[in-house]
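A structural walkthrough
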Amino acid sequence: MKRLSYIFTAALLLIAGACDSLVDKVLVVDEAYDIDKVSTEMTVVPGITVAYEVPPFSLDVNMLVGEATSGENSFLKAAPDNDPVFRAGDLLFRQSANPKDISPKKADIFENTGTKAEFVKPMAVYMVDVPGMLNISNQYTLTNPCIKLEFTSDLVHQMKFDMNLSVAGTVIPLTDIPFTAKASQTVFVSAAGGYAKADGESDFLVPQLSALVSPLPYEITILSIVFHKDDAVADPAYGPTDVANISLLPSFILPADFKNPSRFGSSLDLSNAIRISAKKDGDYKVDIHSISAHFEATNTLPLDLSIVGQPNDSVSISVPVIKAGSLDAPVKTEGDIVLSFLSYSSISSLVPEIAASAPTTPGATAQLNVNQGLTFAIKSITIPDGVDVEILKK
């Protein structure tokens, strides 16, 4: 007769740097049984759940857009505390062109003689080298892109101007944009408006601008800005040689504010996040083939988050969608992660990706902010299919 007593550890699960025994049990083959007549293979503790709380870990917005938000030379910058339009920390892209000056004859503006009071190609924005943001697997649908036009002029008179805009080679003519009777003014040409906040600022809405620059194009160019009279007001007095001095500083503003359909993300490196080890000594061998981890997540990103594994016959991961939240109203999601695998070695071939999607609620938008993120905590571990134990005969 034989009595076999040992402590077996079914697996070690390393999550976010914590490593603990998942299951510790004393298995005893009673001495009333002859070990040679006991099945050498058995499945034990199917469905066992073990409390396994580890300190929560956090993932920020950089996990989604990578180097586009990292460092001094990054594409997206955080709005400062005193920004008149954006919330502090909101991510956006700004690029200004060089200032331009023209001095047309006033007659060229008000008499329509065929000559022009024109800015020729005052701005071109090329985004081919934008890190992360032009990933072909990403889809960005922009909410409110904007072209900012800062004017100064010694001709303080109500006029209008036309602008020819080129987006990815397609020319879009915009006509009769108001130019007010101010020596200094800023005109925001945008999809949804809301940029003009102070005296001397005005919004000019071009709703189709959002669709024109979604997804992000190779180039956005102002081909020309041409001034002309406003028929609603009388022309000013001027002489045949009088000139108007007009200066322009154009810039492009791209808020990281997305709407459906938008989807983007990045790969997750779980090489130091998940490790499962077999237990084997001279008397027994232990195997498991699936683990379920119950989690609680708090999301302040205004995006639904999903984690999926690339198709792989030997290992798979299943994670519920983590619902969008906000800085003002964080949203909690609770659920189970299930990791299934044919062998321990196959876990290393798992290639998971995290993807963010703009919410599908009509009118909902998702402005990204450096302070947003995801807090993730593991609460317990379950072995759904049990633990396979093989007693090794000598």
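Since the structure is predicted, the reported quantities are computational estimates derived from the model, not experimental observations.

Quick notes on the overall build of the protein
Each helix and strand counted, the protein has 3 helices and 30 strands in total. Looking at the 394 residues of the protein, the share that counts as buried comes to 45%. Nonlocal contacts in the protein, meaning residues at least 24 apart in sequence, comprise 77% of its contacts between residues at least 6 apart. As displayed, the protein offers around 19100 Å² of accessible surface, 51% of which is attributable to carbon and sulfur atoms.

Brief notes about the pattern of salt bridges
For the structure shown, the criterion picks out 5 salt bridges. Among the salt bridges present, the one from R94 reaches D83, with a minimum N-O distance of 2.6 Å. Remark: D83 occurs in the loop between β8 (77–78) and β9 (91–96) and R94 occurs in strand β9; sequence separation between them is 11 residues. By relative accessible area, which is 45% here, R94 ends up partly exposed.

Side note on the packing of aromatic side chains
Across all of its chains, the model carries 14 aromatic pairs by this definition. Relative to F227, the ring of F151 lies with its centre 5.7 Å away and its plane at 75°, an arrangement referred to as edge-to-face. Taken together, the positions of F151 in strand β12 (residues 146–153) and F227 in strand β17 (residues 219–228) put the pair 76 residues apart, joining distant regions of the chain. On the basis of relative accessible area, F151 is assigned to the buried category, the value being 1%. Put simply, the rings of F119, F151, F161, F179 and F227 touch in pairs and so form one group of aromatic residues.

Describing the pairing of strand β18 (residues 246–255)
Look at any regular strand and the pattern is simple: side chains alternate between the two faces of the sheet. Taken across its 10 residues, β18 has 8 buried, putting it largely inside the fold. Bridging between β9 and β18 involves 5 bridges; their strand directions are antiparallel. Counterpart to F93 in the pairing with β18 is L254. Pairing of strand β10 (residues 100–102) with β18, which is carried by 3 bridges, proceeds in the antiparallel orientation. When the bridges of β18 are listed, I102 appears paired with I246. Two strands pair when backbone bridges link them, and β12 and β18 are joined in this way by 8 bridges, in the antiparallel orientation. Each bridged residue has a counterpart across the sheet, and for I147 the counterpart in β18 is F252.

Observations concerning the environment of A293
As for its position among the elements, A293 is in strand β23 (residues 290–299). For the pair formed by A293 and D336, sequence separation is 43 residues and the distance between their alpha carbons is 5.4 Å. The residues contacting A293, other than those within four sequence positions of it, are G335, D336, I337, I378, S380 and I381.

Structural notes on unusual backbone geometry
At the junction of N260 and P261, the peptide bond is cis and its omega measures out at 0° in the coordinates. Among the structural elements, P261 can be located in the loop between β19 (257–258) and β20 (263–267). Look at K121: it is not a glycine, yet its phi comes out positive at around 45°. If you trace the backbone, K121 turns up in strand β11 (residues 117–126). Here the phi dihedral of A168 falls at roughly 55°; this positive angle occurs in a residue that is not glycine. Here A168 shows up in the loop between β13 (159–167) and β14 (170–179).

A word on the sheet that holds β14
Spatially, the 4 strands line up as an open sheet ordered β11-β17-β13-β14, and their pairing is antiparallel. Every interior strand has two partners, whereas the edge strands, β11 and β14, have only one. Each strand of the sheet is rotated relative to its neighbour by a mean of 20°, with strand direction disregarded. Across 8 bridges, β11 lies against β17 in antiparallel orientation. Of the residues in β17, the one forming a bridge with F119 is I225.

A few points about the confidence of the model for the protein
Overall, the predicted model of the protein reaches an average pLDDT of 81, with 77% of residues at or above 70. This model gives residues 1–29 a pLDDT under 50, and the stretch forms 92 contacts once residues within four places in sequence are excluded.

Rules and cut-offs
- Residues numbered from 1 in each chain as written.
- Predicted model: local features only at pLDDT ≥ 70, side-chain atom pairs only at ≥ 80, totals over all residues.
- Heavy atoms only, no water.
- Helix = DSSP H or I, 4+ residues; strand = E, 2+ residues; numbered from the N terminus.
- Buried < 20%, exposed > 50% of the residue type's maximum accessible area, 1.4 Å probe, protein only.
- Contact = heavy atoms within 4.5 Å.
- Areas by Shrake-Rupley, 256 points an atom, 1.4 Å probe, with all protein chains shown as cover.
- Salt bridge = Lys/Arg side-chain N within 4 Å of Asp/Glu carboxyl O.
- Phe/Tyr/Trp six-rings, centres within 6.5 Å; stacked < 30°, edge-to-face > 60°.
- Pairing = 2+ DSSP bridges.
- Axes fitted to C-alpha atoms, helices over the stretch in contact; angles between N-to-C directions.
- pLDDT = per-residue confidence, 0-100.

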